[in-house]
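# A closer look at the structure
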Amino acid sequence: ALNCKPNDPTPSPTIFSHEFSLADRVALVSGGNRGLGLEMALALIEAGARVVYCVDLPKDPSAEWQAAHDYAKKLGSSGKTGGEGRLEYITGDVTDQALMWKIGKQIGDKEGRMDACVAAAGILRSNIDCLEYPAEEFRKVIDVNVNGVLFTAQAAGRQMERFGNGGSIVLIASMSGSITNKDQAWVSYNTSKSAVIQMARSMACELAPRKIRVNSLSPGYIYTSLTAAYLDSQPHLLEKWSSQNPMGRLGRPDELRGVVTWLTSDASTFCTGSDVLVSGGHHSW
Ligand code: NDP
């Protein structure tokens, strides 16, 4: 092991680009049926993961997921990634802790390892006055965005601990966990995303001795079905969000591929407890 002394002459044991490889790794991605979850599941496949298990609510996967599955298979059989390119779908609700643990165990039993996890399932409730917020609605957002993220991380983390190889867990938070404005106050969503950022820091401290890294990844505005539902009813917001961004636009889902590969691979072995903001420079209003 490198002792990390300054000027340590020990040469790096790998070629740098190999550190981004996820060859033979097994991953669990919640919310992987579409949107950012599916995009990031594909990124892990492209980086060589043996198999990525996508957990999501619907009984059957979406057409988008099916297309990604076929693409992943083709990529695997091309031999370019060094992985099998297997994308698997599991129906599951992240708010069900027992179910999530069971899913994690089934993956561990079948694959004999667990290396990476991306907790991306999340919901947005907007335009509810904070003084009038119904308890059940508030609980629902916290249940999916906070409890569900913890249960997903537990599902994967318990298997990482079981096999003893360590691993990397990425909790999807949001720019909205750190900043807000009067138009996007979204009290339940923003509160939940702040909690996720702090959850990553806390879990990182507890799990570092077990070689499990935990970071949060905070995207800025990206056009997906989550934001489309909000933007389509208020078209002027697309213009506004773009003009508030130093890059003058929203992000694309594929612009998260590199960062999630970096966070789940050995290219980021000293990175834990961090919140990685990917927002086109948007971090104040
Ligand atoms: P999408 O709505 O496109 O995808 C979210 C996915 O999570 C859906 O497939 C949804 O299933 C699934 N999901 C919701 N509830 C549950 C549950 N209880 N159990 C399992 N799966 C569930 O959203 P995005 O892809 O945009 O968002 C992904 C993550 O990124 C979220 O955590 C979001 O908060 C975060 N994010 C998104 C940003 C953006 O601008 N898009 C910006 C910052 C953060 P179903 O469709 O069936 O409900």
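Reading the values: rules and limits
Residues numbered from 1 in each chain as written. Predicted model: local features only at pLDDT ≥ 70, side-chain atom pairs only at ≥ 80, totals over all residues. Near = placed C-beta within 6 Å. Helix = DSSP H or I, 4+ residues; strand = E, 2+ residues; numbered from the N terminus. Nonpolar A, V, L, I, M, F, W, Y, C, P; charged D, E, K, R; others polar. Pairing = 2+ DSSP bridges. Right-handed = clockwise from strand over helix to strand, strands pointing away. Axes fitted to C-alpha atoms, helices over the stretch in contact; angles between N-to-C directions. Contact = placed C-beta atoms within 7 Å.

With respect to spatial proximity, 28 residues lie near the ligand, and among them Gly31, Gly35, Gly122, Thr224 and Leu226 are the closest. Elements with a minimum of two residues in the shell around the ligand: helix H1 (35-46), helix H4 (135-163) and helix H6 (225-231). Classifying every residue of the shell around the ligand by side-chain character gives 13 nonpolar, twelve polar and three charged.

This part takes up the pairing of strand E3 (residues 86-91). Where strand E2 (residues 51-56) lies against E3, six bridges are found, and the strand directions are parallel. Within E3, the residue paired with tyrosine 53 across the bridge is glutamate 88. In this fold, E2 hands off to helix H2 (residues 63-78), which returns the chain to E3; that crossover is right-handed.

Now for the sheet that holds E2. Read from one edge to the other, the open sheet built from seven strands follows the order E3-E2-E1-E4-E5-E6-E7, with strand pairing classed as parallel. Of all strands in the sheet, those with a lone pairing partner are E3 and strand E7 (275-278), marking the two edges. Mean inter-strand twist for the sheet, computed between neighbouring axes without regard to direction, equals 20°. Where strand E1 (residues 26-30) lies against E2, five bridges are found, and the strand directions are parallel. Across the sheet, residue alanine 27 finds its bridge partner in E2, namely valine 52. Relative to E3, H2 is tilted by about 150°, and along the sheet it contacts E2 and E3. Helix H5 (residues 187-207) contacts strand E5 (167-172), strand E6 (212-219) and E7 of the sheet and is inclined by roughly 165° relative to E6.

In short, shape yes, function no, at least from these values alone.
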